[in-house]
Amino acid sequence: MRLEAITWERLTDTLADRLLKLAPADGGDWPRVAFDGAPAARPGDLAQRVADALRVRGRPALVVAAQGFLRPASLRFEYGHEDVEAYYSGWFDTGALWREVFGPLDPGGTGRILPDLWDPATDRATRSPYVQLPPGGLLLLHGPLLLGHWFPFDLTVHMRLSPGALHRRTAPEEQWTLPAFERYEAERDPTAAADVTVRADDPRHPAWNG
């Protein structure tokens, strides 16, 4: 892997410029991009930076958090509040993501996306209105464990943390999730699978390969 030291500003501009040229592999109208990473890597921050940079360049982009598609608490916590297997394979409603986010962006789709479905704080449906993404607009989906579901991404960005950095930057109440990310590394190898890897151990000066 060739790693290049870079500032967040330059990384944002480089990704935005690359996404301007991105064409959907299925011939549709909406490129779909993953910002994959553990919560401690803050993939949503980079997704929002890139969305803002795209809008300055005249391209609409919609940032969607996988966190908005969690399953109800009764399903997430069926086997306890700290069940690693459930977190790894059952916390996120992938069916709803396919139906409400990816399906409308298929060739001939409507482009009408539901930006979130479930509020984990209230454990109720969010009742958010649908958002119309115009042709040429980009979907920027961020969250953990995204590369294991066969989602039809046209470009994937993985925010990588070393085991030590992941441990240090994960909140104490979320430390129990760390074995899920160890398994993700072993089974999915997201660093190799992603089109772009951002090594974010130092939050001031990331390194990237892409």
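Scope of this entry: the structure provided in the associated data block. In this text the structure is predicted, and so the values were computed from the model without any measurement. Throughout this description, residue numbers start from 1 for each chain and increase along the sequence as written. Note on the predicted model: pLDDT of at least 70 is required for a residue's local features to be given, and 80 or more for side-chain atom pairs to be given and counted; whole-chain, interface and lining totals, by contrast, use all residues. Side-chain numbers here rest on the full set of heavy atoms in the structure, without hydrogens or water.

## So, helix α5 (residues 94-102)
Note: α-helices contain 3.6 residues per turn, so residues at a spacing of three or four share the same orientation. Every buried residue of α5 is accounted for by Thr94, Ala96, Leu97, Glu100, Val101 and Phe102. Relative to the axis of α5, the buried residues are bounded by an arc of 155° and lie together on one face. A contact between two residues is defined here by any heavy atoms of the two lying within 4.5 Å. Each helix is a run of H or I in the DSSP string that is no shorter than four residues. Each strand is a run of E no shorter than two, and both are numbered from the N terminus. In this fold, the buried residues of α5 make contact with β2 (32-36), β4 (112-113) and β8 (138-143). Categorising residues by exposure relies on relative accessible area from a 1.4 Å probe, with only protein chains included: less than 20% of the type maximum marks a residue as buried, more than 50% marks it as exposed, and the intermediate range marks it as partly exposed. Here the arc refers to the directions that run from the helix axis out to each C-beta atom.

## Quick notes on the packing of helix α1 (residues 8-20) against helix α2 (residues 43-56)
In this analysis, axes come from line fits to C-alpha atoms, helices being fitted only over the stretch in contact, and the angle between any two N-to-C directions falls in the range 0 to 180 degrees. Where α1 meets α2, the axes come as close as 9 Å, and the angle between the chain directions of the two elements is 60°. One element, α1, and the other, α2, form an angle in the oblique class. The crossing of α1 and α2 is right-handed. Residues Trp8, Glu9, Leu11, Thr12, Asp13, Leu15, Ala16, Leu19 and Leu20 of α1 pack against Leu46, Arg49, Val50, Ala53 and Leu54 of α2. Of the residues in the contact of α1 with α2, the class split is 10 nonpolar, one polar and three charged. Orientation labels follow simple angle bins: below 35 degrees gives roughly parallel, above 145 gives roughly antiparallel, 65 to 115 gives roughly perpendicular, and whatever is left gives oblique. Whether a crossing is left-handed or right-handed is set by the direction in which the near helix is turned from the far one by less than a right angle, anticlockwise for left-handed and clockwise for right-handed. Any residue outside Ala, Val, Leu, Ile, Met, Phe, Trp, Tyr, Cys, Pro, Asp, Glu, Lys and Arg is labelled polar, Gly included; the first ten of those are nonpolar and the last four are charged.

## Looking at unusual backbone geometry
For tryptophan 150, which is not glycine, the phi torsion reads 60° and is therefore positive. Counting through the fold element by element, tryptophan 150 comes out in the loop between β8 and β9 (155-160). Classification of tryptophan 150 as exposed rests on a relative accessible area of 75%. The phi torsion at aspartate 189 lies on the positive side, around 45°, for a residue other than glycine. Note that aspartate 189 resides in the loop between α7 (178-188) and α8 (190-193).

## A word on the packing of aromatic side chains
Stacked, edge-to-face and tilted labels apply to pairs of Phe, Tyr and Trp rings (six-membered ring for Trp) whose centres lie within 6.5 Å, assigned for plane angles under 30 degrees, over 60, and everything in between, in that order. Enumeration over the complete set of coordinates arrives at 10 aromatic pairs. Summarising the aromatic geometry, the rings of phenylalanine 77 and tryptophan 91 are spaced 5.6 Å apart at their centres and angled 75° between planes, so their arrangement reads as edge-to-face. Within this pair, whereas phenylalanine 77 is found in the loop between α3 (73-76) and α4 (84-89), its partner tryptophan 91 is found in the loop between α4 and α5, the two being separated by 14 residues in sequence. For phenylalanine 77, a relative accessible area of 21% puts it in the partly exposed group. Ring centres of tryptophan 91 and tryptophan 176 lie 5.8 Å apart, and the angle between their planes is 55°; this geometry places the pair in the tilted category.

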